[in-house]
Amino acid sequence: MPLLEVRNLKVYYDLPQGTVKAVDGVSFSLEKGEILGVAGESGSGKSTLAHSIIGLVKPPGRVVDGEIIFEGRNLLELSEEELREIRGREITMVFQDPNTYLNPVLRIGIQVGEVYEAHLGIEPRKAIDKVVDLLRKVRLTDPERRVESYPHELSGGMKQRVMISMAIALKPKLIILDEPTSALDVTIQAEIMELLIEMRDELGAAMIFISHDLELLGQVSDRLMIMYGGRLVEIGETEEIFRDPLHPYTEALINAIKYVRKTELPTLEGEPPSLLKPPPGCRFHPRCPKRMERCSQVEPGEYLVGSRRVSCLLYEEESDA
Amino acid sequence: MPEPLIKAENIKKYFPVKKGLIGGTEYVRAVDDVSLEIGEKTITALVGESGSGKTTLGRIMAGIWRPTSGRVLYRGIDIHRDGMRREVRHRIQMIFQNPDSSLNPRMKILDILGEAITEAEPGIKKDELIERATKLLEEVNLHPDHLYKYPHELSGGEKQRVAIARAIALEPEFIVADEPVSALDISIRAQIINLLARIQREHGIAILYIAHDLRTVWNISDYVAVMYLGKIMEYGPTEEVFKNTGHPYTATLLSTAPLLPEEFRRHSLKPIGEPPSLINPPRGCRFHTRCPLAREECREVDMRLIEIGREHYTACPFWR
């Protein structure tokens, strides 16, 4: 049984201008200890997908349809109280901007300690040794002194280490990372990535790693899922996708991260689709270099090609399914 | 290098910061004695992480900020001397990372471009102005319909095209482009980079391209300057810097780019820890506290740029 199984998930936002179909029928599963990279541009639905797994979709957003099965239980059917027990303990999350989640007037030691209080009932002051150990584990320099620091005394990279320490404190089974290094400098980013992989190896936690940076995902993920306009475009082994992308959109993304010197960079004309009024048929067809007439009329299904699942009419015939 | 169009000489920029409650002033040394020359019709990339001083140097070279000391010469004219600035104002333009803050949200695109056009040619007739604005949009591949739209009706990529159109309206010889694609989606980035490269070729403009994205730097730049904590660590022709890297800091940056073609991947150097403060930057080599190859001397000796190849300079005497 997979650790997590998401089936036909639909998350919509009701706005005055109409309904935004941010996630529109997405299915995937995740094994224990696996790192799944989720790539997509802004508006692809990747962040909404992440938030919905831990029940953080707030009005005007709503989960319209689907199932999120975590260790055999459908998270969408749990009470807020049951969900709170899982969230922060079994499933944790690391966000792009730690400043939004760290309280500026609380010392680091107290904030990290609160994780133990909330889930294990240990008073933060009594958990201080645990906190120091935890901060040492995420290689924050001088942890004994850092527990006394306030967030503003820490650099962006250090704050993200604190966030990661809170995410791993209770040895979760699944960590969701939403662009965890996008706000950091490249050299710091490299260190945080190394730390995350180490944590996975040590804790055996599965990870859903969301990023717009395909090069980065290529380094860390076992499998890769590409999203476009609220839909899954392609999912499969990371190496295979890099070697031989099936979907024309995946191919464009892979081409876009290659290094070419003094010649035009390969481009994808046009702009990502509006989720208020997505194009009919395949959502990528207006920008697709391989579009066929049917692409604007027929919504592609998801076709199995080897171990990969791809949503493109080019593979309708080849499909093993 | 061709005769320099723009020459920055010994630029320092110190920002004052208050020191606690008792008072006293300390200085953030954002740019600390940097010289840089940019030749006509060339693209020089200025690469560095946050706190490197690359944006500060870019703004000084664009004439937007005054240096604390040092000077910037445009064809021999000091661009910061009083009264001189006007002469060169049209020749030097800047494109910012975030077009939302550089395009007035209450002005239609026609008026945004019109402002620049009338600055170059006061008293231009309305129909001529519209014609010129339409041509500018064509140059950046935007439909003339956009003239009557407001910035918020445009996508991020379209706004950056408008910013480029406005910059070239004054027929500049030098453009400072500060991370012009960093805020854009990956599929849009390539469009804008290709556009910049084409505009540069067709108009013969020199560009200072400020970036941290090595992929676009490799694609469009002729020269690269690598900055760290207010100092230039390495400078040279792009291919030289990428292939015959002369500084450990450059090597650590290149090490973070796993898709770089095989011929470049000679390094897997990782910097140590966090960047130090700009208020009390380390003595000796600025990079020594994070340099995996630092020696005893690196803590003391003030590093100067030394020539290690044709037009290729490094601030590290020990590595290579």
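Conventions we followed
Residues numbered from 1 in each chain as written. Chains lettered and ligands numbered in written order. Predicted model: local features only at pLDDT ≥ 70, side-chain atom pairs only at ≥ 80, totals over all residues. Contact = placed C-beta atoms within 7 Å. Helix = DSSP H or I, 4+ residues; strand = E, 2+ residues; numbered from the N terminus. Nonpolar A, V, L, I, M, F, W, Y, C, P; charged D, E, K, R; others polar. Axes fitted to C-alpha atoms, helices over the stretch in contact; angles between N-to-C directions. Parallel < 35°, antiparallel > 145°, perpendicular 65-115°, else oblique. Left-handed = near helix turned anticlockwise from the far one by under 90°. Pairing = 2+ DSSP bridges. Buried ≥ 20, exposed ≤ 12 C-beta atoms within 10 Å, placed from the backbone.

1. Brief notes about the interface of chain A and chain B
Contact residues are listed per partner, giving 29 residues for chain A and 26 residues for chain B. For the side of chain A that touches chain B, the secondary structure elements donating two or more residues are α6 (156-168), α7 (186-203), α8 (214-220) and α10 (248-256) of chain A. Taken together, the residues that form the side of chain A that touches chain B break down as 13 nonpolar, eight polar and eight charged.

2. Quick word on the packing of helix α5 (residues 126-139) of chain B against helix α6 (residues 156-169) of chain B
All names here are of chain B. Interaxial distance between α5 and α6 falls to 9 Å at its minimum, and their mutual angle equals 125 degrees. On the basis of their axis angle, the class for α5 and α6 is oblique. Crossing hand, α5 versus α6: right-handed. Every residue of α6 that contacts α5 at Leu136, Leu137 and Glu139 is listed here: Ala165, Ile168 and Ala169. Looking at the contact of α5 with α6 residue by residue, the classes come out as five nonpolar, no polar and one charged.

3. A few points about the sheet that holds strand β6 (residues 91-94) of chain A
Residue and element names in this part refer to chain A. Read across the sheet, eight strands follow the order β6-β7-β8-β3-β9-β10-β12-β11 without closing on themselves; strand pairing throughout is mixed. With partners counted over all chains shown, the strands left at the sheet margins are β6 and β11 (303-305), one partner each. Taking the axes of each pair of neighbouring strands and ignoring which way they run, one obtains an average angle of 20 degrees across the sheet.

4. Notes on unusual backbone geometry
Along the chain, proline 59 of chain A connects to proline 60 of chain A via a cis peptide bond; the corresponding omega equals 10 degrees. The topology assignment puts proline 60 of chain A in the loop between α1 (46-53) and β4 (61-70). A positive phi angle is found at aspartate 33 of chain B, which is not glycine, with a value near 70 degrees. Within the fold, aspartate 33 of chain B resides in strand β2 (residues 25-39). Even without being a glycine, glutamate 311 of chain B presents a positive backbone phi close to 60 degrees. Of note, glutamate 311 of chain B is situated in the loop between β11 (306-309) and β12 (312-314). The class for glutamate 311 of chain B is exposed, based on 12 C-beta atoms found within 10 Å.

5. Re helix α1 (residues 54-61) of chain B
Residues and elements named next belong to chain B. Of all eight residues in α1, eight are buried, a share of seventy percent or more. Lys54, Thr55, Thr56, Leu57, Gly58, Arg59, Ile60 and Met61 are the residues of α1 that are buried. Where α1 ends, the next residue or the one after it, glycine 63, has phi of about 85 degrees, a positive value.

6. Notes on the pairing of strand β3 (residues 35-39) of chain A
Residue and element names in this part refer to chain A. Within β3, five of the five residues are buried, which leaves it mostly tucked inside the rest of the structure. Covered by surrounding structure in β3 are Ile35, Gly37 and Ala39 together with Leu36 and Val38, the residues of both alternating faces. In this sheet, strand β8 (residues 206-211) lies alongside β3 in parallel orientation, the contact comprising five bridges. By the bridge assignment for β8, glycine 37 is matched with phenylalanine 209.

7. Let's talk about the environment of isoleucine 117 of chain B
All names here are of chain B. Considering the arrangement of structural elements, one finds isoleucine 117 in helix α4 (residues 109-120). In this structure isoleucine 117 comes out as buried when scored by C-beta crowding, with 21 C-beta atoms within 10 Å. Along the backbone, isoleucine 117 and leucine 129 are twelve residues apart, and their C-alpha atoms lie at a distance of 7.1 Å. Excluding its chain neighbours within four sequence positions, the residues that come into contact with isoleucine 117 are Ile124, Leu129, Arg132, Ala133 and Ala169.

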